[in-house]
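# A look at the structure
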Amino acid sequence: MKPLRIKGLTKEYRTGFSRRSVMALDHLNLEIEEGEVFGFLGHNGAGKTTAIKLLMGFVYPTAGEAWILDRSIRDVDVKQYIGFLPESPFFYEYLTAEEFLVFYGQLFGMGGLVLAKKIDELLELVSMTDARHRPLRKFSKGMLQRIGIAQALINDPKLVILDEPMSGLDPIGRRDVRDIILRLKHEGKTIFFSSHILPDVEMICDRVGILVKGRLKAVGTVQEIAGASSVTSIELVVEGLSEGALAGVQGLDTTLIRRGDHVLIKLDDEAKVNGLLDQILKHKGRVVSLLPHKRSLEDLFLTESGMNRT
Amino acid sequence: MKRIIVIALNTFKENLRDKILFNLVFFGLMLIGSSVLLGSLTIGEQAKLMKDLGLASINVFGVLIAVFVGIGLVSKEIEKRTIYSIIAKPIPRYQFLLGRYSGLALTLSVNIAIMAVGFILVLLLGGVSLDIGLIKAIGLIFLELLVIVAVAVMFSTFTTPTLSATFTLAIYVIGHLTGDLKVLGDKLEDPLVSGVLNVLYYALPNLANFNVKSEAAHGIPISWNYLLVTVSYGVAYTASVMVVACMIFQRRDFK
């Protein structure tokens, strides 16, 4: 039983007086495995949010179908097992954090001590116990995001769907969200989230899918997508090399930058790195650091999107 | 059913925190002001006028709340995108709509009950004799509000708040004049035009039915039979409008 199965999901919007058709999502096929963190990547307007809105039943598909835990998304009851955080969450601002969680818990048919205990637990998880009696109107963006995550977990969902959970947050806020996602994974939940903030995705996702203009362009682990040849260049910082030795190193197609005692050596070909190290050691040089520059998901993303920077 | 109640109670809470009951202050001021102003009139006329004025203000405040809160019940949720987190819960859309509707109905009932109590107190203090007709009139005002809220909710499921307000107010005005449509339709010879007018007569709410204010003010009895028929009409009309609203709401996309 897959947490999420999507087959040929398509959404075409007709806009304006001319009823011009816009393909927001074009035959999306995707399967999510149990217990994985899946990152759904794409630029703004690539169709990520449309896909999520289709899954959550906010909009109806033009074609295609999807199943959550083997039940059609048309079945409202399937939402019993989903936790959802909308993009830049807007909630009832006249409610306090606690009232808000009580309200949403009641929508799941929860109540009494079970709900009260769950709320304590969630406020703790998102570090909002202090803000318990504060109205949401007075919350900062980061706090709203955190209380949004708390409401998404109130029903102890099997599948957690987060729409841009890290957008608009400062680095600490992003780290918090990342930690929460990893903790949920640890608890055995499946997480499907969309993002355009790549370093976060690279760090926590088991697999990613890249969406470009409504079409899924690639799916796989970060390594698979970035490929084995993801190292584009290597930078070494060395010290204690004589001028003569440096001249020898230069013969290996490198770029040298001197910074006092240290010399930064940039190598464009990964295969030559052993030769270079031999040279350095032979001349009694000392390697201070060695840093491979990887082709990041971001570069890849830009290539896939046909928007390569070069 | 439980979920409808949860949504309704939250809507009621929202209404309270939006300070909607503030209108009661104005209502109170108006009652006091009018009783002072009318103090110089002879006893018989003063009583009639006070009843008339009190019922009219209950009606006006009720209609204002029904229209302007009613049109926001759904459209505000869509505009503020609070609806996403609700629809994401295992609650069918129609239940959400019914919950929102019931919440405002609850607000209105509390509001009207408070206004009615204040109104009756002022009458008692003024030494005016009371009769059951006043309560009947207030009950029918409440029923009229239920119809208006349903119409406002229906419009707001598919159009903007401004247009919903315009349409709802238009229906409110026409709703009080539907009798004329019927008369006009019967007098015209063109079968097409008279047919259209007849359809409109039956499709639009006949709000004049709910207006027994002057009867109540003048002490003319309002029969229980009339009350029963009017209540049935109001409930049936509200239910039909809500069914249409649910159907529209069920089908629409929340982009």
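Residues numbered from 1 in each chain as written. Chains lettered and ligands numbered in written order. Predicted model: local features only at pLDDT ≥ 70, side-chain atom pairs only at ≥ 80, totals over all residues.

### Notes on the overall build of chain A
Counted only if it meets this: Put simply, DSSP marks the helices as runs of H or I at least four residues long and the strands as runs of E at least two long, and each gets a number from the N terminus on. Values of the radius of gyration come from C-alpha atoms, whereas the globule rule sets the reference at 2.2 Å times the count of residues to the power 0.38. Exposure is read from a count of other C-beta atoms within 10 Å of each residue's own; the residue is exposed at 12 or fewer, buried at 20 or more and partly exposed in between. C-beta atoms are placed from the backbone.
Across its full length, chain A carries 10 helices and 14 strands. Computed over the C-alpha atoms, the radius of gyration of chain A is 25 Å, more than 25% above the 19 Å expected from 2.2 N^0.38 for a compact globule of 310 residues. Principal axes of the C-alpha set define a box for chain A whose edges measure 80 × 50 × 40 Å. Relative to its full complement of 310 residues, chain A shows a buried share of 38%.

### Some thoughts on the overall build of chain B
When you go through chain B residue by residue, the secondary structure sums to 12 helices and zero strands. Over its C-alpha trace chain B gives a radius of gyration of 20 Å, about what one expects of a compact globule, namely 18 Å for 255 residues. Along the three orthogonal principal directions, the C-alpha set of chain B runs to about 60 × 55 × 30 Å. The 255 residues of chain B split such that 41% are buried.

### Digging into the interface of chain B and chain A
Often, the extent of an interface is quoted as the loss of accessible area on bringing the components together. Formally: We call two residues in contact when their backbone-placed C-beta atoms lie within 7 Å. In the scheme used here, Gly and all other residues not listed as nonpolar or charged are polar, with Ala, Val, Leu, Ile, Met, Phe, Trp, Tyr, Cys and Pro taken as nonpolar and Asp, Glu, Lys and Arg as charged.
The interface of chain B with chain A comprises 20 residues on the first partner and 24 residues on the second. Residue assignment for the side of chain B that touches chain A shows that the elements contributing at least two residues are α1 (2–17) and α5 (82–87) of chain B. Residue contributions to the side of chain B that touches chain A peak at six residues, all from α1(B). Classifying every residue of the side of chain B that touches chain A by side-chain character gives eight nonpolar, three polar and nine charged.

### Side note on the sheet that holds strand β6 (residues 82–85) of chain A
Residue and element names in this part refer to chain A. Stated formally: Note: two strands are recorded as paired if DSSP finds a minimum of 2 bridges between them. Fitted lines through C-alpha atoms serve as axes, helices being fitted only where they are in contact, and the angles separating the N-to-C directions of these axes extend from 0 to 180 degrees.
The mixed open sheet is built from six strands, whose spatial order is β6-β7-β8-β3-β9-β10. In this open sheet, the two edge strands, each paired with only one partner strand, are β6 and β10 (215–220). Each strand of the sheet is rotated relative to its neighbour by a mean of 15 degrees, with strand direction disregarded. The sheet contacts of helix α4 (residues 141–152) involve β6 and β7 (159–163), and relative to β6 the element is tilted by about 165 degrees. Here helix α5 (residues 171–186) sits on the sheet and contacts β3 (37–41), β7 and β8 (190–195); the angle it forms with β8, its principal contact strand, is near 155 degrees.

### Remarks on the pairing of strand β12 (residues 254–259) of chain A
All names here are of chain A. With zero of six residues buried, β12 lies mostly on the surface of the structure. Here β12 pairs with strand β13 (residues 262–267) via six bridges, running antiparallel. By the bridge assignment for β13, Thr255 is matched with Lys266. The hairpin formed by β12 and β13 contains two residues between the paired strands, and Gly260 there has a positive phi angle of roughly 65 degrees.

### Quick notes on helix α12 (residues 224–251) of chain B
All names here are of chain B. This is how it is decided: By definition here, a helix of n residues has an expected span of 1.5 Å times n minus one.
Under the 1.5 Å per step criterion, the end-to-end length of α12 is 41 Å for 28 residues, consistent within 8% with the ideal 40 Å. All of the buried residues along α12 are Thr230, Gly234, Tyr237, Thr238, Val241, Met242, Ala245, Cys246 and Phe249. Structurally, α12 contributes buried residues whose contacts are with α6 (93–125) and α7 (132–156).

### Concerning the packing of helix α2 (residues 23–37) of chain B against α6(B)
Residue and element names in this part refer to chain B. Which entries qualify depends on this criterion: When describing relative orientation, an angle under 35 degrees is termed roughly parallel and one over 145 degrees roughly antiparallel, while 65 to 115 degrees is termed roughly perpendicular and anything else oblique. Crossing handedness is defined as follows: a turn of the near helix away from the far one that is anticlockwise and smaller than a right angle gives a left-handed crossing, while the clockwise case is right-handed.
Look at α2 against α6: their axes get within 11 Å of each other, and the N-to-C directions meet at 20 degrees. Taken together, the axes of α2 and α6 are roughly parallel relative to one another. For α2 against α6, the interelement crossing comes out right-handed. In this structure, α2 uses Leu24, Phe27, Gly28, Leu31 and Ser35 to contact α6, whose residues at the interface are Asn111, Ile114, Met115, Gly118, Phe119 and Val122.

### A few points about the environment of B:Tyr172
With respect to the helices, strands and loops of the structure, B:Tyr172 is situated in helix α8 (residues 161–175). For the pair B:Tyr172 and B:Ala208, spaced 36 residues apart in sequence, the C-alpha to C-alpha distance is 9.9 Å.

### Quick notes on the environment of B:Ser109
Residue and element names in this part refer to chain B. For Ser109, the position within the fold is in helix α6. C-beta crowding within 10 Å serves as the criterion here: with 14 such atoms nearby, Ser109 is assigned to the partly exposed category. Residues Ser109 and Leu29 lie 80 residues apart in sequence; the distance between their C-alpha atoms is 20 Å.

### A word on the sheet that holds strand β14 (residues 286–294) of chain A
All names here are of chain A. Spatial ordering of the open sheet is given by β12-β13-β11-β14, a layout of four strands whose pairing is antiparallel. On the outer flanks of this sheet lie β12 and β14, each paired with one strand and no other. Pairwise comparison of adjacent strand axes, ignoring direction, gives a mean angle of 20 degrees for this sheet. Running at roughly 150 degrees to β12, helix α8 (residues 243–250) makes contact with β12 and β13 of the sheet.

### Side note on the pairing of β13(A)
Residues and elements named next belong to chain A. Side-chain alternation along β13 places Val263, Ile265 and Leu267 on a buried face and His262, Leu264 and Lys266 on a face that remains uncovered. By the bridge criterion, five bridges tie strand β11 (residues 231–239) to β13 in an arrangement that is antiparallel. If you follow Leu236 over to β13, its bridge partner there is Ile265.

### Notes on the nonpolar core
Put simply, the rule reads: Put simply, a nonpolar core is buried Ala, Val, Leu, Ile, Met, Phe, Trp, Tyr and Cys residues tied into one set by C-beta atoms within 7 Å.
Residues A:Phe100, B:Ala66, B:Tyr101, B:Val149, B:Ala150 and B:Val153 are the most contacted members of the largest nonpolar core, which totals 137 residues. Each residue touching B:Val149, except ones within four places of it in the same chain, is listed here: B:Ala66, B:Gly70, B:Tyr101, B:Leu104 and B:Ala105. One finds A:Leu236, A:Val238, A:Leu241 and A:Leu276 within the second-largest nonpolar core, a separate group that totals nine residues.

### Remarks on unusual backbone geometry
Residues and elements named next belong to chain A. Phi angles above zero are rare outside glycine, and Lys213 is one such case at about 45 degrees. Tracing the chain through its elements places Lys213 in the loop between β9 (207–212) and β10. One non-glycine residue, Lys284, adopts positive backbone phi at about 60 degrees.

### A word on the environment of A:Arg183
Topologically, A:Arg183 is positioned in helix α5. C-alpha of A:Arg183 to C-alpha of A:Leu125: the two residues are 58 residues apart in sequence and 9.6 Å apart in space.

### Some thoughts on the confidence of the model for chain B
The test is simple: Looking at any residue, its pLDDT shows the predictor's confidence there, from 0 to 100.
Across chain B, the average pLDDT comes to 88, with 98% of residues at 70 or higher. Confidence, expressed as mean pLDDT per element, reaches its minimum in chain B at α2(B) with 75 and its maximum at α12(B) with 95.

### A short note on the packing of helix α2 (residues 97–107) of chain A against α1(B)
At a minimum axis distance of 9 Å, the contact between α2(A) and α1(B) shows a crossing angle of 155 degrees. Relative to α1(B), the element α2(A) lies roughly antiparallel. The hand of the α2(A)/α1(B) crossing is left-handed. Across from A:Phe103, A:Gln106 and A:Leu107 in α2(A), the residues of α1(B) making contact are B:Arg3, B:Val6 and B:Asn10.

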